[in-house]
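Structural characterization, general
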Amino acid sequence: MTQILFVLTGARHWTLADGTQHPTGFWADEAVTPYEAFTAVGHEVVVATPGGVVPAVDEASLSADANGGQDNADRVAAGLESFTALGHPLSIEDVRIDSAGGPAGFDAVFYPGGHGPMEDLATDSDSGTLLVRTLASGRPLGVVCHGPAALLAAHTQEGANAVHGYRLTGFTNAEERMTGLADKAKWLLQDRLVEAGAHFDAGEPWAPHVVVDHNLVTGQNPASAGPVAAELIKMLG
């Protein structure tokens, strides 16, 4: 059976420039929609977090406004209930590397977003190593919204960022301004990815936008989570 490793933030807050702790976690629909897509075609999903902590959902991601209406909010809430792997995650540091150089036992890796990755995965060396090895192995790697913050910790042995020269996307400066948090943030994801040497491809705010470069599949925002999952499913055959 094909196994997909979901790497989620373990953070429950995002520290802003003034030291304020903004409540966060993972964005519900960015985990639920891909989980439903993968399991519907027979793939198994395993969850990992920093230290193996049970991930917290960003409560804001459960609202009707965040999900385009109450019906979809109810679907997402029900999806979280059925996503039982969230309750017993692996620790990222315990994910072994196999002889092919990729994560042992896993055929693909997926990182959902939420502001949480800006707090922990952006500097998590175990996650960074996992990302470097996954990219080098050629196995599909999907990363959505603020999830690409984790790529900032992915450094090669030569010291360069592993996505230097890659085309990718993620939550844009324009979208962060629209959330009202851009001026409060210590740094913005789009800026940091560009500084890391990536070629950042920004689509229209809030519209689905996916960029594929080799085995890296990135999605700009919550609406892009389903299309990213669809690309990974195609790659997995």
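Residues numbered from 1 in each chain as written. Predicted model: local features only at pLDDT ≥ 70, side-chain atom pairs only at ≥ 80, totals over all residues. Heavy atoms only, no water.

Moving on: the UniProt feature "domain: DJ-1/PfpI" (unreviewed entry) in the chain. In the numbering used here, UniProt assigns the feature "domain: DJ-1/PfpI" (unreviewed entry) to residues 30-234. The straight-line gap between the two end C-alpha atoms of residues 30-234 is 18 Å; of that span, 32% is helix and 14% is strand. (UniProt positions renumbered as here; feature names shortened; annotations may be inferred. Helix = DSSP H or I, 4+ residues; strand = E, 2+ residues; numbered from the N terminus.)

Okay, the pairing of strand β11 (residues 216-219) next. Taking every second residue as pointing to the same face, both faces of β11 are buried, with Leu216 and Thr218 on one and Val217 and Gly219 on the other. Sheet topology note: the strand β7 (residues 141-144)/β11 ladder contains four bridges and is parallel. Residue pairing across strands places glycine 142 opposite valine 217, the latter belonging to β11. As paired elements, strand β10 (residues 210-213) and β11 share four bridges and run antiparallel to each other. Residue pairing across strands places valine 211 opposite threonine 218, the latter belonging to β11. (Buried < 20%, exposed > 50% of the residue type's maximum accessible area, 1.4 Å probe, protein only. Pairing = 2+ DSSP bridges.)

Further remarks concern the environment of methionine 235. Note that methionine 235 resides in helix α7 (residues 225-236). When the C-alpha positions of methionine 235 and glycine 197 are compared, they lie 25 Å apart, and in sequence the two are 38 residues distant. Not counting the four nearest positions on each side in its chain, methionine 235 is found in contact with Pro140, Val212, His214, Asn215 and Val217. (Contact = heavy atoms within 4.5 Å.)

Here we take up unusual backbone geometry. Of note in this structure, cysteine 145 is not a glycine but carries a positive phi near 60°. Residue position: cysteine 145 is located in the loop between β7 and β8 (167-168). Phi at tryptophan 206 is positive, roughly 70°, even though this residue is not glycine. Summarising the element assignment, tryptophan 206 is placed in the loop between β9 (199-200) and β10.

The two faces of β10 differ: Val211 and Asp213 on one face are buried, but Val210 and Val212 on the other face are not. Here β10 hands over to β11 after two residues, with histidine 214 in that stretch at a positive phi of 55°.

Note on sheets: strands pair through backbone hydrogen bonds, and any given pair is parallel or antiparallel. What the seven strands build is an open sheet, ordered β5-β4-β1-β6-β7-β11-β10; its pairing is mixed. Taken across any chain shown, the strands that pair with only one partner, and hence form the sheet edges, are β5 (90-91) and β10. Strand contacts of helix α4 (residues 125-137): β1 (3-7), β6 (108-111), β7 and β11, with the helix running at about 135° to β6, the strand carrying the most contacts. (Axes fitted to C-alpha atoms, helices over the stretch in contact; angles between N-to-C directions.)

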